[in-house]
Amino acid sequence: MSAAIHPSAFVSAKAEIGNNVTIGQCAVIEDNVIIGDDCRIAPFASVKQYTRMGKGNIVHSYAMIGGIPQDLKFKGEESYLEIGDNNSIREFSSLHRGTEGGGGVTRIGSNNLIMAYCHIAHDCKLGDHIVMSNGATLAGHVEMFDHSIIGGLSAVHQFVRIGRFAFIGGMTGIAKDLPPYMMAVGARAGIHGPNVVGLRRLRLSGDTIKGIRSAFRCIWHSEMGRREALDKIETEMGSVPEVMEIINFVRESPRGVLHAVRASEVKDEEI
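Model, not experiment: these values are computed from the prediction.

> Even after reading the chapter, I still don't get the overall build of the protein chain, so can you show me in this structure?
In terms of helices and strands, the protein chain carries four helices and 28 strands. Across its three principal directions, the C-alpha atoms of the protein chain cover 65 × 40 × 30 Å. Going through the 271 residues of the protein chain one by one, you find that 52% of them count as buried. Across the protein chain, the fraction of contacts at a sequence separation of at least 24, relative to all contacts at a separation of at least 6, is 33%. Accessible surface, the protein chain: about 12600 Å² in total, of which carbon and sulfur atoms supply 51%. Side chains of the protein chain carry 28 positive and 30 negative charges; the gap between the two charge centres is 4 Å.

> What exactly am I supposed to notice about the pattern of salt bridges here?
Pairs can form between side chains of opposite charge once their charged atoms are near each other. The final tally for this structure, using the stated rule, is 10 salt bridges. With a shortest N-O distance of 3.4 Å, E30 and K48 are connected by a salt bridge. One end of the pair, E30, is in the loop between β5 (28-29) and β6 (34-35); the other, K48, is in the loop between β8 (46-47) and β9 (51-53), and 18 residues separate them in sequence. Relative accessible area serves as the criterion here: at 23%, E30 is assigned to the partly exposed category. What emerges from the salt-bridge pattern is a single network uniting R52, E82 and R107.

> What is the right way to read the side chain of S46 from this model?
Within the fold, S46 resides in strand β8. Classification of S46 as buried rests on a relative accessible area of 12%.

> In this structure, what is going on with the packing of aromatic side chains? I would like to understand it.
Both the distance between ring centres and the angle between the ring planes are used here to describe each pair of aromatic rings. Evaluated as defined, the whole model comprises seven aromatic pairs. With a centroid separation of 5.0 Å and an interplanar angle of 10 degrees, the aromatic rings of F92 and Y117 are classed as stacked. Here Y117 lies in the loop between β16 (113-114) and β17 (119-120) and F92 lies in the loop between β13 (88-89) and β14 (94-96), a separation of 25 residues in the sequence. What makes F92 partly exposed here is its relative accessible area of 41%. When the centroid spacing of 5.9 Å and the interplanar angle of 5 degrees are considered together, the rings of F165 and Y181 count as stacked.

> What am I meant to see in the environment of I68 here?
Structurally, I68 is set in the loop between β11 (64-67) and β12 (80-83). Measuring from C-alpha to C-alpha, the distance between I68 and G163 comes to 27 Å, with 95 residues separating the pair along the chain. Ignoring any residue separated from it by four or fewer positions in sequence, one finds I68 in contact with F74, H96 and R97.

Definitions and cut-offs
Residues numbered from 1 in each chain as written. Predicted model: local features only at pLDDT ≥ 70, side-chain atom pairs only at ≥ 80, totals over all residues. Heavy atoms only, no water. Helix = DSSP H or I, 4+ residues; strand = E, 2+ residues; numbered from the N terminus. Buried < 20%, exposed > 50% of the residue type's maximum accessible area, 1.4 Å probe, protein only. Contact = heavy atoms within 4.5 Å. Areas by Shrake-Rupley, 256 points an atom, 1.4 Å probe, with all protein chains shown as cover. Lys, Arg positive; Asp, Glu negative; His and termini not counted. Charge placed at Lys NZ, Arg CZ, Asp CG, Glu CD. Salt bridge = Lys/Arg side-chain N within 4 Å of Asp/Glu carboxyl O. Phe/Tyr/Trp six-rings, centres within 6.5 Å; stacked < 30°, edge-to-face > 60°.

And the structure:
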C-alpha cells in the first residue's frame, strides 16, 4: 500500500517513504529522510533532514525530530538521527542529530515512549522499552539502557549513563551515572536504593533481589572503599548476573556514579 499524504503536507522528493505511511496536514518531511513502513506522521510534525526511522513509529503533532544540534561546535556537517521501530514520540518533543565529536549519530532504539515536551540532545544513545515522562530532558552524549524510566521535568547531565531498569523520579537532576536497577530522586539526585517496583515487575527470584539489595548496601553504605566493596561483592555474589551487571557498570563508569542518600533517610521498602 502506498503512503497517504495530506495535500497540505510538504514532502521532499529526496525523502524515502515506506508503505502504509500516513503524513498529516501541514507536516514537513525534509531532504534525505527515510521513513519506514507503517509510520504515522501527525499534522504539523516535522522530520528534518538526515533522519532515518524504522517501522511503526508515531510522530505526534508539533514534534520535531532530526533538528540541528544545539552545540556551538557544530558547523553544519552531515550527521544523523537514527530511530528504530514502534516508538511513540509525543507532542512538542525535540530530538536532535549527532555531532562529529559524538560519532555523528543520535540513536534511538525501539518500543520507546517519549512523552510530550521531552528533549533528546545530540549524540544520545537510547536502548529499547524506555519511558521518558513529560518534560524530561537529556543533555548531549547521554546513554540510557533498556527499560530505564525517567520521571517528568527531570534533567540528565551530558555524558551520563542510566543503567538498565533504573528509575529516575520526577523533578530530578542527574549529574553522574545511575547504575542498573537503582532508583534516584532529588534536585541533586542521590541513590535511594534498588528500584523495588521494577524488580518485582521483572519477577526476579528472591535470591536475585536479595543479592541486588546486598550489593547496594555494600557499595554505598559500608565503610569500605569503592574498589574493596566491589571486589567483596563479586567474590560473594558474582554468580548472580544482575549483581555482576551492577559491579561492571560501576567499575566502567567514566564520570563516577551517584552517591547514596544517608542510610537514615532511606525507607526499608526502598532497599
